[in-house]
Structures are given as C-alpha cells and as structure tokens.
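An overview of the molecular structure
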Amino acid sequence: PGYSDIGYYIGNNSADGPMVQTGFKPAWLTITKVGNGSGNGSSWFVMDNARDPVNNTTKYILNSNATTGDGVGSAAPSTAINWLANGFKVTNTGSGGLNENTGVYVYMAFAADPFKYTEAV
C-alpha cells in the first residue's frame, strides 16, 4: 500500500469511464485488455505522468503492438486517461482502447510519491 497497486476494471465505453482508486497518484501505469474474446494480440499500454502530466493525457511510453517500437508517441484518444490524486480515470470511448464496453482490463500502477503520507509508529 502506498507504493504500487495491481487490479482490474471493467470498461463502459463512456467519456465518463471507470475511476480506479489506487490510494495514491500514479506516476507510472500499465494497462491491457483481457478476456471477452481478446487474445494474445491485446496491446499493453505503458504511460507515465512525466511525458503527459496534464489531463486528458494520451501519450504513452510503449504500445506493445505498435510498429514504432518503444518510442514516445501520441496515441489515439482511445488511450485517454486522467491522473487523479488517488488513482486514475479512463476518459475515452471507442474500440481498441482502454474502455471498450464490458471489456476487462488489468492494470499495474506505481506511485508518484510513495509512502509520502505514511506515519511511522
């Protein structure tokens, strides 16, 4: 707690997409779609708050299925998220992104300021 969070969310294909509470503001985030017919071809999107710190962020470090390799690029709006103080919110619609209706997405997030507000005992 306070350093990393791994979990899942279910897409709703709405600009008011799922809000995922991690308990911290993420600095680094990886998301991929699983299940619902998606196979091994689902992309892994890796994002960080240094490349695109202003919400509605669409830049990514890596799209594992892109032919451009691991260069920084501007993704389609289908990868739009908002960084929040206690997690992230998916803000896109459309297929092939991070918020397909009933799509199940797994994520791994790491904190911007790990353990900053913990109290020693």
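Here is a short report on the structure shown in this document. (Residues numbered from 1 in each chain as written. Predicted model: local features only at pLDDT ≥ 70, side-chain atom pairs only at ≥ 80, totals over all residues. Heavy atoms only, no water.)

Our focus in this paragraph is the overall build of the chain. Looking only at helices and strands, the chain has 0 helices and 10 strands in total. Within the chain, the fraction of its 121 residues that count as buried is 40%. A separation threshold of at least 6 residues defines the contact pool for the chain, and within that pool the share at least 24 residues apart is 60%. (Helix = DSSP H or I, 4+ residues; strand = E, 2+ residues; numbered from the N terminus. Buried < 20%, exposed > 50% of the residue type's maximum accessible area, 1.4 Å probe, protein only. Contact = heavy atoms within 4.5 Å.)

With that settled, consider the environment of Pro26. On the secondary structure map, Pro26 appears in strand β3 (residues 26-34). Residue classification places Pro26 among the buried positions, given a relative accessible area of 0%. Spatially, the C-alpha atom of Pro26 lies 9.1 Å from that of Tyr3, the residues being 23 residues apart in sequence.

What follows deals with the nonpolar core. Inside soluble globular proteins, nonpolar side chains tend to come together where they are buried. Tyr9, Leu29, Ile31, Met47, Phe88, Leu98 and Tyr107 are the most contacted members of the largest nonpolar core, which totals 16 residues. At the level of elements, β3, β4 (44-48), β8 (81-84), β9 (87-90) and β10 (104-111) are the ones that each hand at least two residues to this core. If you tally residues by element for this core, the top one is β10, at 4 residues. Leaving out residues up to four positions away in the same chain, Ile31 has contacts with Tyr9, Ser43, Trp44, Phe45, Met47, Phe88, Leu98, Tyr105, Val106 and Tyr107. (Core = buried A, V, L, I, M, F, W, Y, C linked by side-chain atoms within 4.5 Å.)

As a further point, take the environment of Asn12. Residue placement: Asn12 occurs in the loop between β1 (4-10) and β2 (19-21). Judged by relative accessible area, which is 33%, Asn12 ranks as partly exposed. Sequence separation between Asn12 and Asn92 is 80 residues; the distance between their C-alpha atoms is 9.6 Å. A distance of 3.4 Å separates a polar side-chain atom of Asn12 from the backbone oxygen of Asp16. (Polar contact = N/O pair within 3.5 Å; in protein donor to acceptor, adjacent residues only side chain to side chain.)

What follows deals with the sheet that holds β8. If you walk across this open sheet you meet the 3 strands as β2-β9-β8, and the pairing is antiparallel. A strand with exactly one partner marks an edge of an open sheet, and here the two such strands are β2 and β8. Across the sheet, the mean angle from the axis of one strand to that of its neighbour is 20 degrees, orientation sign disregarded. Pairing of β8 with β9 involves 4 bridges; the strand directions are antiparallel. Bridging from a neighbouring strand, Asn82 pairs with Lys89 of β9. (Pairing = 2+ DSSP bridges. Axes fitted to C-alpha atoms, helices over the stretch in contact; angles between N-to-C directions.)

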